[in-house]
Amino acid sequence: MIGLISATAAGAAARDRLAAAWPDRTRVYDGPAGDSVRAAFAECEQLVCFLATGAVVRLIAPLLSGKEADPGVVCVDESGRYAVSLVGGHGGGANALAHEVGEVLGAEPVVTTATDAVGVPGLDTLGLPAEGDVAGVSRALLDGEAVALRAEVPWPLPALPVAADGPYTIRLTDRQVAAGEREVVLRPPSLVVGVGASSGAPVDEVLGLVEAALRDAGLSVRSVAELATVDAKAGEPGIVSAAERLGVPLVTYSAEELAGVAVPNPSDAPLAAVGTPSVAEAAALARGGELLVPKRKSARADGRPAMATCAVVRRPGRGRLAVVGLGPGARDLLTPRARAELRRAAVLVGLDQYVDQIRDLLRPGTRVLESGLGAEEERARTAVEEARRGQAVALIGSGDAGVYAMASPALAEASDDIDVIGVPGVTAALAAGAILGAPLGHDHVSISLSDLHTPWEVIERRVRAAAEADLVVTFYNPRSRGRHWQLPKALGILAEHREPGTPVGVVRNASRPDESSRLTTLAALDPATVDMMTVVTVGNTATREIAGRMVTPRGYRWQQDPEEETR
């Protein structure tokens, strides 16, 4: 919950805007500012104070206990110009909150954390438990000193400016090791503990078994991602409580699913009890991985039979492939989600000219794999291969990556062994449509006239279908030096079904500095003025030029009865 505190009418107005935007995330504190700040500090995970920073500093100073426990605090000035991350930038999430507040209120976020200022991710913001000299190693990264990354477990980390060797070390491991001097140990959630238990098994017996198994194998309890068991034990109090104490989710599988998992130590006892020859090993291995601790039984001090079993599996992090659409070219049409994915990636794969567009947005240490025109399949394979190595990868394309771009070849290469995230972008058709007016106000279709990958016979059949269906048509890749006859042919097909005066919009380099556009007609368009950087939009029989803009009404009745759709 985010506590909101204000002291003036102007502050209260901004406070109420934030409360209206986030009704389920915020709580307004009324009354004297000092009492409100103290109450919110004790009750909320984060605070937004519409007060002077000096006042907030004096109020919260006696309340601060440590960066791991303190809530994040953001201050917004009286005029709403700035959202200042004051306390808990990383641990309390104040840096991210300042950006969110800025988006809602139109304020400029002010973040002074050193790592954020230079684009290096804080080691305590990676979502992994961090142990050791976090401050010293972070300072070394900021100062450009050599910091080595020792990844004992593949994990999709964001870009870090690391070296092959150096006096400082970031160690990524699920082993129970102590951080050395000038070293940070990051704990990836790579361990899955499968658990079986008899009815009524005490939580101390279950938890003690899990902790002993990890300790004896030299594994860190902080790398446990989940406990896993059979559906029949989903409500077993000892297992449920053990998961709660470890702070991890309890995942369950049906007996049928577990019976299909090959295990080294099947048994008749669980088969008779719950319908599968293995619970602990099968549940741990249900989604693959390496068995580190085979089935192990608990030991009871009273000598009575064990009531719990467990097994431990290492499941390395899945590689992450984000297929990112960069939009038509203008920086302000690059979506916030695309920006976030570019900064999330450790490896960037893309066409060289697209890489140049966004190179300044990449974090230090990002590995860039760029190539020239005509290497789409090679780029797709490279991106998937890097993700399969456990990397966080961004594969970029112009417009929307799923429209005549990189998503199709990449997903054709990818299997279910990596995570794939699609990031939509503003397509050329949409960018051109916004420049022309509203040509896509009714049903429309996009057709590429490039026959490099699609036979012309197929393209022509699609153009005829669009013409007969009276769809607005946007032509991508309309004409190049080697392909000069396809556009006239396509326009001729449309002319069989549309009047010569049908509006046609021609937009070149939409949203870029040398953008140009013009409105003409189906009869007047000269194909020689069109090239590969151009998008051609041909209206349907209802499309009209109105006040110099190309408009396709939402319905045909609109033109017959203008009052029909005045709402």
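What you are looking at is a predicted structure, and each value in this text was computed from that prediction instead of being measured. (Residues numbered from 1 in each chain as written. Predicted model: local features only at pLDDT ≥ 70, side-chain atom pairs only at ≥ 80, totals over all residues. Heavy atoms only, no water.)

Participant: Help me understand the overall build of the protein in this model?
Facilitator: On a plain count of helices and strands, the protein comes out with 19 helices and 28 strands. C-alpha atoms of the protein, sized along the principal axes, occupy 95 × 65 × 55 Å. With 567 residues in all, the protein has 47% of them scored as buried. Counting only contacts in the protein whose residues sit at least 6 apart along the sequence, the fraction spanning at least 24 positions is 64%. Total accessible area on the protein stands at roughly 26100 Å², and carbon and sulfur atoms take up 50% of it. Looking at charge distribution, the protein has the averaged site of its 56 positive side-chain charges lying 2 Å from that of its 71 negative ones. (Helix = DSSP H or I, 4+ residues; strand = E, 2+ residues; numbered from the N terminus. Buried < 20%, exposed > 50% of the residue type's maximum accessible area, 1.4 Å probe, protein only. Contact = heavy atoms within 4.5 Å. Areas by Shrake-Rupley, 256 points an atom, 1.4 Å probe, with all protein chains shown as cover. Lys, Arg positive; Asp, Glu negative; His and termini not counted. Charge placed at Lys NZ, Arg CZ, Asp CG, Glu CD.)

Participant: I would appreciate a short explanation of the packing of aromatic side chains in the present structure.
Facilitator: Pairs of aromatic rings are described using the distance from one ring centre to the other and the angle between the two planes. On inspection of all chains with the given rule, the structure shows two aromatic pairs. With centroids separated by 4.7 Å and ring planes inclined at 50°, the aromatic side chains of Y404 and Y476 adopt a geometry described as tilted. Taken together, the residues Y404 in the loop between β19 (392-397) and α15 (407-413) and Y476 in strand β23 (residues 472-476) connect sequence positions 72 residues apart. Taking NZ or CZ as reference, R25 lies 4.4 Å from the ring centre of W22, over its face. (Phe/Tyr/Trp six-rings, centres within 6.5 Å; stacked < 30°, edge-to-face > 60°. Lys NZ or Arg CZ within 6 Å of the ring centre and 35° of its normal.)

Participant: When you look at helix α16 (residues 428-436) in this model, what are you seeing that I'm missing?
Facilitator: For an α-helix, 3.6 residues make a turn, and residues three or four places apart therefore share a direction. Taken together, the buried positions of α16 are A429, A431, A432, G433 and L436. Just downstream of α16 lies G437, where phi reads positive at about 140°.

Participant: What is the right way to read the packing of helix α1 (residues 9-21) against helix α4 (residues 94-105) from this model?
Facilitator: Each pair of packed helices can be summarised by the angle the axes make with each other and by the distance between the axes. Contact geometry of α1 with α4 gives a least axis separation of 10 Å together with a crossing angle of 100°. The orientation of α1 with respect to α4, classified from their angle, is roughly perpendicular. The segment α1 lies against α4, with A14, R17, L18 and A21 engaging V101, V104 and L105. Split by residue class, the contact of α1 with α4 holds six nonpolar, no polar and one charged. (Axes fitted to C-alpha atoms, helices over the stretch in contact; angles between N-to-C directions. Parallel < 35°, antiparallel > 145°, perpendicular 65-115°, else oblique. Nonpolar A, V, L, I, M, F, W, Y, C, P; charged D, E, K, R; others polar.)

Participant: Quick question: what am I supposed to make of helix α8 (residues 237-246) here?
Facilitator: Within the span of α8, buried status applies to G238, I239, A242 and A243. In an axial view of α8, the angular spread of the buried residues amounts to 135°, which keeps them on one side of the axis. Of the exposed residues in α8, those oriented more than 90 degrees away from the buried face are P237, E244 and R245. In this fold, the buried residues of α8 make contact with β11 (191-197), α7 (203-216), β12 (224-230) and β13 (250-253). (Arc of directions from axis to C-beta.)

Participant: I'm lost on the sheet that holds β11 in this one. Help?
Facilitator: Each strand in a sheet pairs with its neighbour through backbone hydrogen bonds, running either in the same direction (parallel) or in the opposite one (antiparallel). Pairing within the open sheet is mixed, and its five strands lie in the order β13-β12-β11-β15-β14. On the outer flanks of this sheet lie β13 and β14 (290-297), each paired with one strand and no other. The mean angle between the axes of side-by-side strands here comes to 25°, regardless of whether they run parallel or antiparallel. Strand direction decides the pairing type here: β12 and β13, joined by four bridges, are parallel. Bridged to L227 within β13 is L250. Strands in contact with α7 are β11, β12, β14 and β15 (308-314); relative to β15, the strand with the most contacts, it is inclined by about 40°. (Pairing = 2+ DSSP bridges.)

Participant: Whenever I open this one, the sheet that holds strand β8 (residues 147-151) confuses me. Can you help?
Facilitator: Spatial ordering of the open sheet is given by β7-β10-β9-β8, a layout of four strands whose pairing is mixed. The open sheet is flanked by β7 (130-132) and β8, the only strands paired with a single partner. For this sheet, the mean angle separating the axes of adjacent strands, direction not counted, is 20°. As paired elements, β7 and strand β10 (residues 183-186) share three bridges and run antiparallel to each other. The partner of E131 across the bridge, within β10, is V185.

Participant: Whenever I open this one, the side chain of S223 confuses me. Can you help?
Facilitator: Relative to the elements of secondary structure, S223 occurs in the loop between α7 and β12. Ignoring sequence-local partners within four residues, the contact set of S223 consists of T173, D174, R187, P188, P189, S190 and L191.

Participant: How should unusual backbone geometry be read in this particular structure?
Facilitator: One can expect most non-glycine residues to show negative phi and most peptide bonds to be in trans. You will see that Y404, though not glycine, has its phi angle at about 55°, which is positive. Phi is positive for N477, close to 45°, though the residue is something other than glycine. Counting through the fold element by element, N477 comes out in the loop between β23 and α18 (486-495).

Participant: How do you make sense of the packing of α7 against α8 when you look at a structure like this?
Facilitator: Two numbers describe how α7 lies on α8: the axes approach to 8 Å, and their chain directions differ by 55°. Looking at the two axes, α7 sits oblique to α8. Between α7 and α8 lies a crossing of right-handed hand. Contact residues: α7 offers V203, D204, V206, L207 and V210, while α8 offers G238, I239, S241, A242, R245 and L246. Split into classes, the residues belonging to the contact of α7 with α8 amount to seven nonpolar, two polar and two charged. (Left-handed = near helix turned anticlockwise from the far one by under 90°.)

Participant: What should I look at first to understand the nonpolar core in this one?
Facilitator: Soluble globular proteins tend to pack their nonpolar side chains together in the buried interior. In terms of nonpolar packing, the biggest core is built from 24 residues, with V193, V195, L214, L227 and V312 touching the most fellow members. Elements with a minimum of two residues in this core: β11, α7, β12, α8 and β15. Tallying contributions element by element places α7 first for this core, with seven residues. With sequence-adjacent residues up to four places away left out, V195 is seen in contact with V206, V210, L227, A228, T229, I239, V279, A280, T309 and C310. Among the nonpolar cores identified, the runner-up in size contains 21 residues, and V506, L522, L525 and V538 belong to it. (Core = buried A, V, L, I, M, F, W, Y, C linked by side-chain atoms within 4.5 Å.)

Participant: How should the state of the cysteines be read in this particular structure?
Facilitator: Cysteine pairs can be linked by a disulfide, which is a covalent bond between their two sulfur atoms. All chains considered together, the criterion is met by zero disulfides. The cysteine C44 is free of any disulfide, with C49 supplying the nearest cysteine sulfur at 10 Å. Judged by relative accessible area, C44 falls into the buried class, the value being 7%. (Disulfide = S-S within 2.5 Å.)

Participant: Which parts of the structure should I look at to understand the side chain of S220?
Facilitator: Here S220 shows up in the loop between α7 and β12. Among the polar contacts listed, one links the side chain of S220 to the backbone nitrogen of R222, at a separation of 3.1 Å. Not counting residues within four places of it along the chain, the set of residues in contact with S220 comprises D174, R175, Q176, R187 and L191. (Polar contact = N/O pair within 3.5 Å; in protein donor to acceptor, adjacent residues only side chain to side chain.)

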